[in-house]
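# Report on the structure
Residues per chain are reported as follows:
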Amino acid sequence: RHGITQWNKLKKVQGAVDIPLAPEGIELAKKTGEALKDIHFDICFTSPLTRAKQTAQYVLGDKKVPIIEFLKEHGSRMHRERSSVMKWKSFLRIR
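The rules we used
Residues numbered from 1 in each chain as written. Predicted model: local features only at pLDDT ≥ 70, side-chain atom pairs only at ≥ 80, totals over all residues. Heavy atoms only, no water. Helix = DSSP H or I, 4+ residues; strand = E, 2+ residues; numbered from the N terminus. Buried < 20%, exposed > 50% of the residue type's maximum accessible area, 1.4 Å probe, protein only. Contact = heavy atoms within 4.5 Å. Areas by Shrake-Rupley, 256 points an atom, 1.4 Å probe, with all protein chains shown as cover. Axes fitted to C-alpha atoms, helices over the stretch in contact; angles between N-to-C directions. Parallel < 35°, antiparallel > 145°, perpendicular 65-115°, else oblique. Left-handed = near helix turned anticlockwise from the far one by under 90°. Salt bridge = Lys/Arg side-chain N within 4 Å of Asp/Glu carboxyl O. Polar contact = N/O pair within 3.5 Å; in protein donor to acceptor, adjacent residues only side chain to side chain. pLDDT = per-residue confidence, 0-100. Expected span 1.5 Å × (residues − 1). Arc of directions from axis to C-beta.

## Points about the overall build of the chain
Along the chain, the regular secondary structure elements total four helices and two strands. Reading the secondary structure of the chain in the N-to-C direction produces α-α-β-α-β-α. Taking all 95 residues of the chain together, the buried fraction comes to 28%. Pairs at least 24 apart in sequence give 43% of the contacts found in the chain among residues at least 6 apart. As displayed, the chain has an accessible area near 7,100 Å², and 57% of this comes from carbon and sulfur atoms.

This is the structure in structure tokens:
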């Protein structure tokens, strides 16, 4: 999930349109990061959209956690998504 954007406030559907976080979304993501500061994360999966990546970065803060852009779109990218999922399932099983 991602934080609040200007389009959320206008009740506009964003879909795959790359809308950044609004100031309120940034503040909420920072507060969420503060609430989760003692939680250990091994990895973070995010959409390649700016608002999702911003949310992940603000929530993780200074933690050294790999952020993996995970495609979840229709059409020709579906194959890449399945391929990516299989790679990560394999990686996570090994550890």
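That shown, we press on.
## Focus on the packing of helix α2 (residues 23-35) against helix α3 (residues 50-60)
One way to put it is that α2 packs onto α3 with a least axis distance of 7 Å and a crossing angle of 40°. Judged on the interaxial angle alone, α3 and α2 are oblique. Read as a crossing pair, α2 and α3 show a hand that is right-handed. Each of Ile26, Ala29, Lys30, Thr32 and Gly33 in α2 lies in contact with α3, whose residues at this interface are Thr55, Tyr58 and Val59.

## Focus: the pattern of salt bridges
Applying the stated criterion to the full structure yields two salt bridges. For glutamate 34, the salt bridge goes to lysine 37, with nearest N and O atoms at 3.0 Å. Exposure remark for glutamate 34: the relative accessible area of 49% places this residue in the partly exposed category. With a shortest N-O distance of 3.3 Å, glutamate 69 and lysine 53 are connected by a salt bridge. Residue glutamate 69 is located in strand β2 (residues 67-69), and its partner lysine 53 is located in helix α3; the two are separated by 16 residues in the primary sequence.

## What about the side chain of glutamine 54?
When you line up the elements, glutamine 54 lands in helix α3. One polar contact links the side chain of glutamine 54 to the main-chain amide nitrogen of leucine 21, over a distance of 2.8 Å.

## Comments concerning the confidence of the model for the chain
In this model, the chain carries a mean pLDDT of 77, and residues with pLDDT of at least 70 account for 67%. Mean pLDDT per element in the chain: helix α4 (residues 77-94) is the minimum at 55, and α2 is the maximum at 93. Contacts of residues 74-79 to residues separated by more than four positions or lying in other chains number two contacts, the stretch itself having pLDDT below 50.

## Here's the deal with α2
The terminal C-alpha atoms of α2 lie 19 Å apart, and with 13 residues this matches the ideal 18 Å at 1.5 Å per residue to within 8%. Turning to α2, its buried residues number three or more, namely Gly25, Ile26, Ala29 and Gly33. Mapping the buried residues of α2 onto a view down its axis gives an arc of 100°, with all of them on the same face. Of the exposed residues in α2, those oriented more than 90 degrees away from the buried face are Pro23, Lys31 and Ala35. Buried residues in α2 make contact with α3.

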